[in-house]
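Read off the chains here:
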Amino acid sequence: MQRLAEYFVVISSVPRWEDSKEAEEEESLQSSSRKTKRRSFFRRERKKSVSCLPEPPLCQKEDDEQEDGNDPEPNLATKDAKTSGNIHLPNDSPEYAFRPKITARYPVKDHSDNPLNPMITHFCYPTGDEIVPTKKYEMPRVHHFVLTNDKGRKVYGTCLTILEEYRPDVNSPWGQQTLVNDDRMGTNGMEVSMDDRGTALYLPKVLALLSTWPYLTAFREHMAQLYRLATATNVMTAPIERYVVNLCAEIPAPPPGSYEIHVTLLDSTIRVWAPPA
């Protein structure tokens, strides 16, 4: 049986500053480990009773640039940027921004014949991987993308982006920023500030459906009905995960010919068919 859908992925916005804290802690542990190894090495060296003759001084080559006081130029490509594979990642990221991260997926393990591409987060968030909370709520929207692997096989992505309310912790950077400047000015030209603690903040979350079949219209309708099902009350007869499993593991891709597959969600009937080969 050929799979109709390969993966269902949930990509959320997670804080960047938590990653920096984890990196600092890891670097601190590595630094202390290196210091411990150096101390143990020098202790072993003191115990050795082998005398070594001093080595003759090395001849230093004169450098005209150093005599003139000119330091060699740094490698700007290494200093100002970092790379992940063949994708350019800038170093000057906002301090309190968020980043996209895969927080849930089905199936949990990759298909042996079509593993999940770890770079799909860059395509699910086409505006960039530096996410800042917004005060403006927007309706859910859908966009599509196409990936091609090294074997020339295409994977079609259907992404439903929704905004979820973000309630920052009091000790978090966003929880401490309670005062914001208003665009309006006072009558005497003085800047006006207002308490912004009651304003709601929103962060994007993306629900992505990946398939090797270009049924973009059908997948768009399926994602829209899943969202309606999840947000409605007293409508679902089974958990939302059951619908995801049904789509990714139980509904087969239609064989070429006159066969047609019907999927009913709420008041919508989604039809999928393949033309004769």
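Rules used throughout
- Residues numbered from 1 in each chain as written.
- Predicted model: local features only at pLDDT ≥ 70, side-chain atom pairs only at ≥ 80, totals over all residues.
- Heavy atoms only, no water.
- Helix = DSSP H or I, 4+ residues; strand = E, 2+ residues; numbered from the N terminus.
- Buried < 20%, exposed > 50% of the residue type's maximum accessible area, 1.4 Å probe, protein only.
- Contact = heavy atoms within 4.5 Å.
- Phe/Tyr/Trp six-rings, centres within 6.5 Å; stacked < 30°, edge-to-face > 60°.
- Pairing = 2+ DSSP bridges.
- Axes fitted to C-alpha atoms, helices over the stretch in contact; angles between N-to-C directions.
- Salt bridge = Lys/Arg side-chain N within 4 Å of Asp/Glu carboxyl O.
- Disulfide = S-S within 2.5 Å.
- Arc of directions from axis to C-beta.
- Polar contact = N/O pair within 3.5 Å; in protein donor to acceptor, adjacent residues only side chain to side chain.

Visitor: Would you take a moment to explain the overall build of the protein for this structure?
Guide: Helix and strand counts for the protein stand at seven helices and eleven strands. Looking at the protein as a whole, 30% of its 277 residues qualify as buried. For the protein, the share of sequence-separated contacts (at least 6 apart) that also reach a separation of at least 24 residues comes to 68%.

Visitor: Please clarify how the packing of aromatic side chains should be interpreted in this entry.
Guide: Aromatic ring pairs: the centre-centre distance and the angle between the two ring planes describe each pair. On inspection of all chains with the given rule, the structure shows five aromatic pairs. Each member of the aromatic cluster is reached from another via a ring pair, and the members are W213, Y215 and F219.

Visitor: Hey, could you run me through the sheet that holds strand 5 (residues 141-148) in this one?
Guide: Pairing within the open sheet is antiparallel, and its five strands lie in the order 4-1-9-6-5. Either end of the sheet is taken by a strand with one partner, and the two such strands are strand 4 (98-106) and strand 5. Direction aside, the axes of adjacent strands within the sheet are offset by 30° on average. Taken together, the eight bridges between strand 5 and strand 6 (residues 154-166) define a ladder with antiparallel strand orientation.

Visitor: Where do I start with the pattern of salt bridges in this structure?
Guide: Here the structure, examined in full by the defined rule, presents nine salt bridges. Ionic pairing is found between R141 and E138, a salt bridge with its closest N-O pair at 3.3 Å. The closest approach of N and O atoms between E250 and R242, which form a salt bridge, is 2.9 Å. We classify R242 as partly exposed; its relative accessible area is 40%. Beyond isolated ion pairs, a larger network of salt bridges with shared partners links R3, E6 and D113.

Visitor: Teacher, can you tell me more about the environment of V206 here?
Guide: By secondary structure assignment, the location of V206 is in strand 9 (residues 201-211). What makes V206 buried here is its relative accessible area of 0%. Residues V206 and P140 lie 66 residues apart in sequence; the distance between their C-alpha atoms is 9.6 Å. Apart from residues lying up to four places away in sequence, V206 is in contact with V9, V10, I11, C124, Y125, C159, L160 and T161.

Visitor: Which parts of the structure should I look at to understand the environment of A249?
Guide: Positionally, A249 belongs in helix 7 (residues 240-250). A residue is classified by how much of its surface remains accessible, and A249, at 38% relative accessible area, is partly exposed. Taking the C-alpha atoms as reference points, A249 and A5, 244 residues apart in sequence, are found 7.8 Å from one another. Those residues within four positions of A249 in sequence are excluded, and the remaining contacts are M1 and Y106.

Visitor: For this particular structure, what's the right way to read the state of the cysteines?
Guide: Here a disulfide denotes one covalent bond, and it connects the sulfur atoms of two cysteines. Applying the stated rule across the entire model yields zero disulfides. With no disulfide of its own, C159 lies 3.6 Å from the sulfur of C124, the closest cysteine sulfur.

Visitor: Explain the pairing of strand 11 (residues 268-273) to me, please; I cannot follow it from the model alone.
Guide: Working note: regular strand, side chains alternate between the two faces of the sheet. Judged by which residues are buried, strand 11 turns out to be one-sided: S268, I270 and V272 face inward and are buried, whereas T269, R271 and W273, on the alternate face, are not. Linking two consecutive strands that pair antiparallel, namely strand 10 (residues 260-265) and strand 11, is a turn of two residues; a positive phi of about 55° is found at L266 within it.

Visitor: Sorry if this is basic, but what is going on with helix 7 here?
Guide: An α-helix turns once per 3.6 residues; consequently, residues spaced three or four apart project the same way. Within the sequence span of helix 7, burial applies to Y243, V244, L247 and C248. Projected down its long axis, helix 7 shows its buried positions confined to an angular sector of 115°, all on one face. Tucked into the core, helix 7 has its buried residues touching strand 1 (7-15), strand 4, strand 9, helix 6 (216-231) and strand 10.

Visitor: How do you make sense of the side chain of S12 when you look at a structure like this?
Guide: On the secondary structure map, S12 appears in strand 1. Among the residues examined, S12 registers a relative accessible area of 11% and is labelled buried. Side-chain polar atoms of S12 contact the side chain of T103, separated by 2.9 Å. Residues in contact with S12, not counting those within four places in the same chain, are R99, P100, K101, T103, Y125 and K205.

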